[in-house]
Amino acid sequence: MALTALLQTVRDLVRPQLPLSGAILLQEEDPGSTIRPFKLETSQPALVVRLDQVPCEGMSVDDRLFPLFNRSISGLCIHCDYVIFRQSRATSDAPLYVLLVELKSGPLGDAQKQIENTRLLMDWMLATMRRYKKSAPWTDDVRYRGLIFTSSARPVAGDPKRVPCPYDATSTAMPDVLFVRHPPCAGYQLDWFCSDMPPRRG
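Since the model is a prediction, treat every value here as computed from it, not as a measurement.

Draft legend 1. Just the overall build of the protein chain, in detail. The helix and strand tally for the protein chain stands at 4 helices and 9 strands. Its helices and strands in sequence order give the protein chain the pattern α-β-β-β-β-α-β-β-α-β-β-β-α, from N to C terminus. Across the protein chain, the fraction of contacts at a sequence separation of at least 24, relative to all contacts at a separation of at least 6, is 70%. Accessible surface, the protein chain as shown: approximately 10,900 Å² in total, 52% of it carbon and sulfur.

Draft legend 2. Fine view of the nonpolar core. With 32 residues, the main nonpolar core has Val-10, Val-83, Phe-85, Val-98, Leu-100, Met-122 and Leu-126 as its most contacted residues. Elements with a minimum of two residues in this core: helix 1 (5–13), strand 4 (46–50), helix 2 (61–65), strand 5 (82–86), strand 6 (96–104), helix 3 (111–132) and strand 7 (142–150). Residues contacting Val-10, with those up to four places away along its chain left out, are Leu-47, Phe-85, Met-125, Leu-126, Met-129 and Trp-138. Judged by nonpolar contacts, the second largest core, of 23 residues, contains Leu-99, Val-101, Val-180 and Phe-193.

Draft legend 3. The sheet that holds strand 2 (residues 24–26), seen in detail. The strand order across the open sheet formed by 3 strands is 2-3-9, and the pairing between neighbours is mixed. Edge strands, defined here as strands with exactly one partner in the open sheet, are strand 2 and strand 9 (188–189).

Draft legend 4. Examining the pattern of salt bridges more closely. Applying the stated criterion across every chain, the model contains 6 salt bridges. For Arg-119, the salt bridge goes to Asp-123, with nearest N and O atoms at 2.7 Å. Highlighted residues: Arg-119 and Asp-123, both in helix 3, separated by 4 residues, approximately one helical turn. Looking at Arg-119, the relative accessible area reads 11%, which means it is buried. Given a relative accessible area of 30%, Asp-123 falls into the partly exposed group. When the shortest N-O distance is used, the salt bridge between Arg-119 and Asp-176 registers 2.9 Å.

Draft legend 5. Just the sheet that holds strand 8 (residues 178–182), in detail. If you trace the 6 strands from one edge of the open sheet to the other, you get 1-4-5-6-7-8, paired in mixed fashion. The open sheet is flanked by strand 1 (19–20) and strand 8, the only strands paired with a single partner. Here strand 6 pairs with strand 7 via 9 bridges, running parallel. Following the sheet pairing, Leu-100 is matched in strand 7 by Gly-146. Lying over the sheet, helix 1 contacts strand 1, strand 4, strand 5 and strand 6, oriented at roughly 25 degrees with respect to strand 4.

Draft legend 6. Here's a closer look at helix 3. Taking 1.5 Å per residue as the helical rise, helix 3 with its 22 residues ought to reach 32 Å, and the 32 Å between its terminal C-alpha atoms agrees with that figure. Taken together, the buried positions of helix 3 are occupied by Ala-111, Gln-114, Ile-115, Glu-116, Asn-117, Thr-118, Arg-119, Leu-121, Met-122, Met-125, Leu-126 and Met-129.

Draft legend 7. The packing of aromatic side chains, seen in detail. With the rule as written, the count across this model stands at 6 aromatic pairs. Note on Phe-149 and Phe-193: the rings are 6.0 Å apart at their centroids and 80 degrees apart in plane angle, and the pair reads as edge-to-face. Of this pair, Phe-149 sits in strand 7 while Phe-193 sits in helix 4 (residues 190–193); the two residues are 44 residues apart in sequence, bridging distant segments of the chain. An angle of 10 degrees between the planes, with centres 6.2 Å apart, marks the rings of Tyr-188 and Trp-192 as stacked. Through a chain of ring-to-ring contacts, the aromatic side chains of Phe-38, Phe-149, Tyr-188, Trp-192 and Phe-193 assemble into a single cluster.

Draft legend 8. Just the environment of Tyr-167, in detail. Turning to its location among the elements, Tyr-167 is positioned in the loop between strand 7 and strand 8. Owing to a relative accessible area of 2%, Tyr-167 belongs among the buried residues under this scheme. Counting along the chain gives 10 residues from Tyr-167 to Val-177, while the straight-line C-alpha distance between them is 9.6 Å. A polar contact of 2.5 Å, which involves the side chain of Tyr-167, links it to the backbone oxygen of Phe-193.

Draft legend 9. Expanded view of the state of the cysteines. The full count for this structure, using the stated rule, is 0 disulfides. Note on Cys-165: no disulfide assigned, nearest cysteine sulfur contributed by Cys-194 at a separation of 9.4 Å. Judged by relative accessible area, which is 5%, Cys-165 ranks as buried.

Here is what the cut-offs are and how they apply
Residues numbered from 1 in each chain as written. Predicted model: local features only at pLDDT ≥ 70, side-chain atom pairs only at ≥ 80, totals over all residues. Heavy atoms only, no water. Helix = DSSP H or I, 4+ residues; strand = E, 2+ residues; numbered from the N terminus. Contact = heavy atoms within 4.5 Å. Areas by Shrake-Rupley, 256 points an atom, 1.4 Å probe, with all protein chains shown as cover. Core = buried A, V, L, I, M, F, W, Y, C linked by side-chain atoms within 4.5 Å. Buried < 20%, exposed > 50% of the residue type's maximum accessible area, 1.4 Å probe, protein only. Pairing = 2+ DSSP bridges. Salt bridge = Lys/Arg side-chain N within 4 Å of Asp/Glu carboxyl O. Axes fitted to C-alpha atoms, helices over the stretch in contact; angles between N-to-C directions. Expected span 1.5 Å × (residues − 1). Phe/Tyr/Trp six-rings, centres within 6.5 Å; stacked < 30°, edge-to-face > 60°. Polar contact = N/O pair within 3.5 Å; in protein donor to acceptor, adjacent residues only side chain to side chain. Disulfide = S-S within 2.5 Å.

If you want it as structure tokens, here you go:
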């Protein structure tokens, strides 16, 4: 499966170590994690980036991702585990979905803030790429989704292939980022998370 021209541009401009190839396998690197690795199924091409794979060269991942900030300030330099870029068709009006994925085997803690921080990082990254590669087929329709996979979440009710993804507009800081919490398990279809159904509120 070939990437769309937009996704291929993003792949070409990020560090070559970052994009993952093959099936979308999600896993926590923490040896104490209780989440078993699981896959997201997809019939369409997607670009997957794991932020903790940023080459460090003697620096921590946080130092590399947030070199200007004081790391001693709690919550300032946090980020989520994965970013998945998905575009369904290669036309100028096709939305770009940016799925911000966080895996939590313990308490949710700062999961939502990790996703919000990563959204700001992706805004900057895409804007910089767009400024550099003006000829690429960029779109103004970028849709951010926050996916939190946690063992404390309730199983999905009904067949995920038929029931729309139950997103919530729970972020007061970023109301356009829609969030959902699901248990970590196999069987999720990537397209299911790229839903245009109205989110639940309240």
